[in-house]
Amino acid sequence: QVQLVESGGGLVQAGGSLRLSCAASGRTFSIVAMGWFRQAPGKEREFVATITWGSDSSYYADSVRGRFTISRDNAKNTVYLQMNSLKPEDTAVYSCAAQSPPAVKYNYWGQGTQVTVSS
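This is a predicted model, so every value here is computed, not measured.

Caption draft 1: Just the sheet that holds strand β3 (residues 18-26), in detail. The strand order across the open sheet formed by 4 strands is β1-β3-β8-β7, and the pairing between neighbours is antiparallel. Here the strands that pair on one side only, and so sit at the sheet edges, are β1 (2-7) and β7 (68-73). Mean inter-strand twist for the sheet, computed between neighbouring axes without regard to direction, equals 20°. Two elements, β3 and strand β8 (residues 78-83), share 6 bridges in a ladder whose sense is antiparallel. Of the residues in β8, the one forming a bridge with serine 21 is tyrosine 80.

Caption draft 2: Layout of the side chain of threonine 78. Among the secondary structure elements, threonine 78 is positioned in strand β8. For threonine 78, a relative accessible area of 8% puts it in the buried group. A polar atom in the side chain of threonine 78 sits 2.9 Å from the backbone oxygen of lysine 76. With residues up to four places along the chain from it excluded, the contact list for threonine 78 reads Ser21, Cys22, Ala23, Ser71, Arg72 and Asp73.

Caption draft 3: Structural detail: the pattern of salt bridges. All chains considered together, the criterion is met by 5 salt bridges. Ionic pairing is found between aspartate 62 and arginine 65, a salt bridge with its closest N-O pair at 2.6 Å. Aspartate 62 gets classed as exposed once you look at its relative accessible area, which sits at 65%. Owing to a relative accessible area of 48%, arginine 65 belongs among the partly exposed residues under this scheme. The salt bridge involving aspartate 90 is made with arginine 67; its shortest N-O contact spans 2.8 Å. Remark: arginine 67 occurs in the loop between β6 (58-60) and β7 and aspartate 90 occurs in the loop between β8 and β9 (92-99); sequence separation between them is 23 residues. The class of arginine 67 is buried, set by a relative accessible area of 12%. Among the charged side chains, a network of salt bridges with common partners joins Arg38, Glu46, Arg67 and Asp90.

Caption draft 4: Inspection of the pairing of strand β11 (residues 113-118) at higher detail. Residues Thr113, Val115 and Val117 line the buried face of β11, whereas the alternating positions Gln114, Thr116 and Ser118 sit on a face that is not buried. For strand β2 (residues 10-13) and β11, the ladder comprises 4 bridges, and the chain directions are parallel. In the sheet register, glutamine 13 faces β11, and the bridge partner there is serine 118. Where β9 and β11 come together, 3 bridges link them in antiparallel fashion. Looking at β11, one finds that valine 93 is bridged to glutamine 114.

Caption draft 5: Examining the environment of alanine 49 more closely. Note on placement: alanine 49 falls in strand β5 (residues 46-52). With a relative accessible area of 0%, alanine 49 lands in the buried category. Sequence separation between alanine 49 and tyrosine 106 is 57 residues, and the spatial gap between their C-alpha atoms is 13 Å. Not counting the four nearest positions on each side in its chain, alanine 49 is found in contact with Met34, Gly35, Trp36, Tyr59, Tyr60, Ile70 and Leu81.

Cut-offs applied
- Residues numbered from 1 in each chain as written.
- Predicted model: local features only at pLDDT ≥ 70, side-chain atom pairs only at ≥ 80, totals over all residues.
- Heavy atoms only, no water.
- Pairing = 2+ DSSP bridges.
- Helix = DSSP H or I, 4+ residues; strand = E, 2+ residues; numbered from the N terminus.
- Axes fitted to C-alpha atoms, helices over the stretch in contact; angles between N-to-C directions.
- Buried < 20%, exposed > 50% of the residue type's maximum accessible area, 1.4 Å probe, protein only.
- Polar contact = N/O pair within 3.5 Å; in protein donor to acceptor, adjacent residues only side chain to side chain.
- Contact = heavy atoms within 4.5 Å.
- Salt bridge = Lys/Arg side-chain N within 4 Å of Asp/Glu carboxyl O.

So yeah, pure geometry; function would need other evidence.
Below you can see the structure in the form of structure tokens.
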């Protein structure tokens, strides 16, 4: 089992920045990728960013590319999402997820942290 705990959400004005953290515990050695997703009220959950463990490759949704940066600290088993130039449409609950084989998709999820961007 892998446990994920997010932190760092809050209220920020448009144009501001926040950094989200996702701390993993448990069978962290089994993780091959971690990602961030978000869900705004009344909308479907959407992919934000992901980072792979082996190649350290990262991928972003078009809506956040150039503004958000995903990174990881292996020693702390923590993944970060640095969010800059925030917009009101970035307002959502942000959740981190981990993929642990034999699963072929994300199979562990955190509870989420609220990010609110005021105009």
